[in-house]
Amino acid sequence: GLPGVRHLSDGTVTLPCLLLAGYPFDGALPPAVAAVAAAAPAGVPLKGQLAGPLTLALFSRLPDGRRCIDDLAARTALARPLALAAAAYADALAQTGGAPVLFLDEPALPVAAALLGRAEALRLLNLVLGALPGVVRGVHCCAEPPLDLLAELPLRGVSIDAHRYEIGRAHV
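This is a predicted model, so every value here is computed, not measured.

### Examining the overall build of the protein chain
Then step 1. Regarding its fold elements, the protein chain presents 7 helices and 7 strands.
Then step 2. Shown N-terminal to C-terminal, the secondary structure of the protein chain runs as helices and strands in the order β-β-α-α-β-α-β-α-β-α-α-β-α-β.
Then step 3. Taking all 172 residues of the protein chain together, 44% fall into the buried category.
Then step 4. Sequence-distant contacts, at least 24 apart, represent 69% of the contacts inside the protein chain between residues at least 6 apart.
Then step 5. As displayed, the protein chain has an accessible area near 8,800 Å², and 60% of this comes from carbon and sulfur atoms.

### Details of the nonpolar core
Then step 1. Counting 42 residues, the largest nonpolar core has Leu54, Leu102, Leu125, Leu149 and Leu153 as the members making the most contacts within it.
Then step 2. Elements represented by at least two residues in this core include exactly helix 3 (53-58), helix 4 (72-93), strand 5 (101-105), helix 5 (109-116), helix 6 (118-129), strand 6 (136-141) and helix 7 (147-150).
Then step 3. Counting residues per element, this core draws most heavily on helix 4, at 9 residues.
Then step 4. With residues up to four places along the chain from it excluded, the contact list for Leu54 reads Ile69, Glu106, Leu109, Ala112, Leu116, Ala121, Leu124 and Leu125.

### Details of the pairing of strand 5
Then step 1. With 4 of 5 residues buried, strand 5 lies mostly within the body of the structure.
Then step 2. Note that strand 3 (residues 47-51) and strand 5 share 5 bridges and pair parallel. Across the sheet, the residue bridging to Leu50 is Leu104, located in strand 5.
Then step 3. Where strand 5 meets strand 6, 5 bridges bridge the pair, whose relative direction is parallel. Bridge pairing links Val101 to Val136 in strand 6.

### Quick word on the sheet that holds strand 6
Then step 1. The strand order across the open sheet built from 4 strands is 3-5-6-7, with neighbouring strands paired in parallel fashion. A single partner strand is all that each edge strand has here, and the edge strands are strand 3 and strand 7 (157-160). Between one strand axis and the next, the sheet turns by 25° as a mean value, whatever way the strands run.
Then step 2. In the packing of helix 4 onto the sheet, contacts are made with strand 3 and strand 5, and the angle to strand 3 comes to roughly 165°.

### A closer look at the confidence of the model for the protein chain
When pLDDT is low, close inspection of the predicted coordinates is not appropriate.
Then step 1. Per-residue confidence for the protein chain averages 82 on the pLDDT scale, and 77% of its residues sit at or above 70.
Then step 2. Model confidence for the protein chain, summarised as mean pLDDT per element, is weakest for helix 1 (residues 17-20) at 40 and strongest for helix 6 at 98.

### Some details on a nonpolar patch on the surface
Then step 1. Together, Leu147, Val158 and Ile160 make up an exposed nonpolar region whose accessible area comes to about 240 Å².
Then step 2. Along the chain, the position of Leu147 falls in helix 7.
Then step 3. By relative accessible area, Leu147 is classed as exposed at 52%.

The rules we used
Residues numbered from 1 in each chain as written. Predicted model: local features only at pLDDT ≥ 70, side-chain atom pairs only at ≥ 80, totals over all residues. Heavy atoms only, no water. Helix = DSSP H or I, 4+ residues; strand = E, 2+ residues; numbered from the N terminus. Buried < 20%, exposed > 50% of the residue type's maximum accessible area, 1.4 Å probe, protein only. Contact = heavy atoms within 4.5 Å. Areas by Shrake-Rupley, 256 points an atom, 1.4 Å probe, with all protein chains shown as cover. Core = buried A, V, L, I, M, F, W, Y, C linked by side-chain atoms within 4.5 Å. Pairing = 2+ DSSP bridges. Axes fitted to C-alpha atoms, helices over the stretch in contact; angles between N-to-C directions. pLDDT = per-residue confidence, 0-100. Patch = residues over 30% accessible without salt bridge, like charges linked within 9 Å, V, L, I, M, F, W, Y side chains within 5 Å. Salt bridge = Lys/Arg side-chain N within 4 Å of Asp/Glu carboxyl O.

Okay, structure coming up:
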């Protein structure tokens, strides 16, 4: 969803200088999501999901090779256009007339929060979530999430991978 981002073979992504300078996101839905939006009955809420600022910062590199998560200015410069992209995505999801639902995908939340500290993790998450007034906001974490940290965010939902908690397994 972010223009100009290059994916490298080691799993990291490189951010162009234009993105760090606030390159605008055009708000266009990916084709598959646009097809779902077009086919959805009026008033049906659509749920979208974007990589969250902590996971994106952990796995992103600056043009000089440094990790974004290690640089305060880079983390902020990454989160700001992500907030704009999230708001544009939520506006597009609202086209069906239902309340848009948008989750931040944060698989690296526990690691990133440990690296940055609670206050900085909350700041970055709130920077993106704050751009989504009127949106049903949530966070998905496939790792074991720090629920106490998530409880401090303006969320309506938290998504976890149930298999980690033996939910739904028959106990004999």
